[in-house]
Amino acid sequence: MSQQAITYLGDFINGSFQPVTKAEGEILSLSPADTKDMVMKLAFQNDHIDIACQAARKAYLPWARRPLEERKQLLKKLKDVFNAHVDEMAMIIARDTGKPLWEAKTEAQALGSKIDITVDYSIKLVQDEHLPNALPGVEGVTRFKPRGVMAVLGPFNFPAHLPNGHIIPALLMGNTVVFKPSEQTPAVGQFYARMFEKAEFPPGVFNMVQGIGETGRKLVLHEEVDGILFTGSYEVGLRIKQETLTHYWKIHALEMGGKNATIIWEDADMDKAVYETVVGAFMTSGQRCACTSRVFVHEKLADEFTERFYQAAKRLSIGHWSENPFMGPLINEGAVEKYLRFQEIAKRENCESLMRGKALDLKWKGHYVTPSINLVNKFDANSVYQKTEIFGPNVAIHRVNDFDQTMMAVNSTGFGLVAALFTKNKALYEKALLECKVGLLNWNRTTNGASSKLPFGGMGKSGNDRASAHFAIQYCSVPVASLEDPTDFDASKVLPGMNYPVGGSSQ
């Protein structure tokens, strides 16, 4: 099916799209599902970062001073715009990422839902709190105020939903935003900005600047930026932290990678465990930070699970987004090369290939690969294959029989985003809740597919203890404590030795 290239409008700054007048570089966005499909061709201009940040700074106090109810109403209007353009947004997500249309539509539908959850549910986390007698006779109040200008750097795998998860709570709290989409998915970023244009937000409240990695670097280092909200890889998150080491006043919410484990114990529901783990491992072609990449199976179930998991993986459909397969392509050629390279690394490190991952030559010339499964003969905490996030449809299966040793292996990679445990034994689950070094632990449910009504964030290399989703509104705000005393001066309470008041009594 032939697709027309999307017209590049420029960067969205101060309420309108600003064309690039002095290009410093060019991005040619080809669909990973069909490299003959040129989604969008664009140029970028780095001084637009400064213009956008200045616009966001100028808009900040007027926006923050608006009553909360007015900000809510504008976000509700944005929700209506999101909902009216679900199909168009889904199509652009599918072209830009290659993910199947059914999955792209799920992402597009989540945009409006995030507004409802934030406005009606998450806002309760930052309500004023009044405490009588915080000090004797003095009332204490905790209030939450916005931080200022927030830089949002988006990923390619959920190019609308994940930035939206930062942007909506930031705006509701009264912050202003400068958003840089992934250079892999610029068309989604542009269409997302068009939704704000249609919702008629005040100029400068939301801004969007396109560009490459260096663009993002300039944005996070900008002196007008008060907070950095990032979703992406550990390596990029680490560089952001290093680059802004002396910008100690900037809040960092870094949602990074995962090397997520599923544990299938001897009493697990086999049908459920196989199905859920296939979904967890191969949905979005393994390009989710919460995807399952390691499976620890009790030796009593290992043979049956492995065979059934293998048979299920072989049956997964792979193809162009328009055909609604289960799996689409990887994002680009570099991702394919990395995925195939790790097949060889696993082999070199004495893992047995049960299902070999390979590049597919389909009628659509895209970055398609098959799923892969490797059997790990021996756990090795220093193994490159066993501890590296591949970000592709690969699973390592371990045979285990000791839960404590399994916990040690689960915690060995340095990542700590999400784990899953399949067992009927609640005591085992409660043990894992304490000992598993993750921000999310699911019981008889796969690792991916989190709820926006719950916090989402990892430990170790997976994040910096700034949980997103339901808790995002917390890092978009500053708690301000006040002691409030309306009473008149009482000379009888003057501290010893002060000889106060000077010049006689105030009575």
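Residues numbered from 1 in each chain as written. Predicted model: local features only at pLDDT ≥ 70, side-chain atom pairs only at ≥ 80, totals over all residues. Heavy atoms only, no water.

Enquirer: Describe in detail the nonpolar core, supporting the description with residues and values.
Expert: With 61 residues, the main nonpolar core has Leu78, Met89, Ile167, Tyr192, Phe196, Phe201 and Phe206 as its most contacted residues. With eight residues, the single largest contributor to this core is helix H6 (residues 186-199). Residue contacts for tyrosine 192: discarding those within four places in its chain leaves Phe82, Met89, Ala160, Asn164, Ile167, Ile168, Phe179 and Phe206. One finds Ala273, Val295, Ala302 and Phe309 within the second-largest nonpolar core, a separate group that totals 28 residues. (Core = buried A, V, L, I, M, F, W, Y, C linked by side-chain atoms within 4.5 Å. Buried < 20%, exposed > 50% of the residue type's maximum accessible area, 1.4 Å probe, protein only. Helix = DSSP H or I, 4+ residues; strand = E, 2+ residues; numbered from the N terminus. Contact = heavy atoms within 4.5 Å.)

Enquirer: How would you explain a nonpolar patch on the surface if you had to name every residue and give the values?
Expert: Taken together, the side chains of Phe489, Leu495, Met498, Tyr500 and Val502 present a nonpolar region at the surface, about 580 Å² in accessible area. In this structure, methionine 498 sits in the segment after strand S23 (477-484). Judged by its relative accessible area of 48%, methionine 498 is partly exposed. (Patch = residues over 30% accessible without salt bridge, like charges linked within 9 Å, V, L, I, M, F, W, Y side chains within 5 Å. Areas by Shrake-Rupley, 256 points an atom, 1.4 Å probe, with all protein chains shown as cover. Salt bridge = Lys/Arg side-chain N within 4 Å of Asp/Glu carboxyl O.)

Enquirer: Explain the side chain of histidine 48 residue by residue, including any values.
Expert: For histidine 48, the position within the fold is in helix H1 (residues 47-65). Take histidine 48: its relative accessible area is 5%, and that puts it in the buried class.

Enquirer: How would you explain the sheet that holds strand S5 (residues 129-135) if you had to name every residue and give the values?
Expert: Pairing is antiparallel in the open sheet, where three strands are placed in the order S5-S6-S23. Looking at which strands have only one partner, the edges of the open sheet turn out to be S5 and S23. Taking each pair of neighbouring strands and ignoring which way they run, the sheet shows an average axis angle of 30°. Note that strand S6 (residues 138-146) and S23 share eight bridges and pair antiparallel. (Pairing = 2+ DSSP bridges. Axes fitted to C-alpha atoms, helices over the stretch in contact; angles between N-to-C directions.)

Enquirer: Summarise the pairing of strand S10 (residues 227-231); cite the residues concerned and give the values.
Expert: Across the five residues of S10, five count as buried, placing the element largely inside the fold. Every second residue of S10 is oriented toward a common face, with Gly227, Leu229 and Thr231 on one face and Ile228 and Phe230 on the other, all of them buried.

Enquirer: Account for the packing of helix H3 (residues 86-97) against helix H4 (residues 101-120), with residues named and values stated.
Expert: Where H3 contacts H4, the axes come no closer than 8 Å and their chain directions differ by 130°. When the axes of H3 and H4 are compared, the pair comes out oblique. Crossing of H3 over H4 shows right-handed handedness. Counted together, Val86, Asp87, Met89, Ala90, Met91, Ile93 and Ala94 of H3 and Leu101, Ala104, Lys105, Glu107, Ala108, Gln109 and Leu111 of H4 form the full contact between these two elements. Within the contact of H3 with H4, the residues separate by chemical class into ten nonpolar, one polar and three charged. (Parallel < 35°, antiparallel > 145°, perpendicular 65-115°, else oblique. Left-handed = near helix turned anticlockwise from the far one by under 90°. Nonpolar A, V, L, I, M, F, W, Y, C, P; charged D, E, K, R; others polar.)

Enquirer: Give a detailed account of the packing of H3 against H6, specifying residues and quantitative values.
Expert: The interhelical angle for the contact between H3 and H6, taken along N-to-C directions, is 160°, at an axis separation of 8 Å. On the basis of the axis angle, H3 is roughly antiparallel to H6. Handedness of the H3/H6 crossing: left-handed. On the side of H3, the interface is formed by Glu88, Met89, Ile92, Ile93 and Asp96, while H6 contributes Pro186, Ala187, Val188, Phe191, Tyr192 and Arg194. When its residues are assigned to classes, the contact of H3 with H6 shows eight nonpolar, no polar and three charged.

Enquirer: Now, about helix H2 (residues 68-84): what can you tell me, with residues and values included?
Expert: When the terminal C-alpha atoms of H2 are compared, their 24 Å separation across 17 residues agrees well with the 24 Å that a helix rising 1.5 Å per residue should span. Among all positions of H2, only Arg71, Lys72, Leu74, Leu75, Leu78, Lys79, Val81 and Phe82 are buried. On its buried face, H2 is in contact with H1, H3, H4, helix H5 (161-173) and H6. (Expected span 1.5 Å × (residues − 1).)

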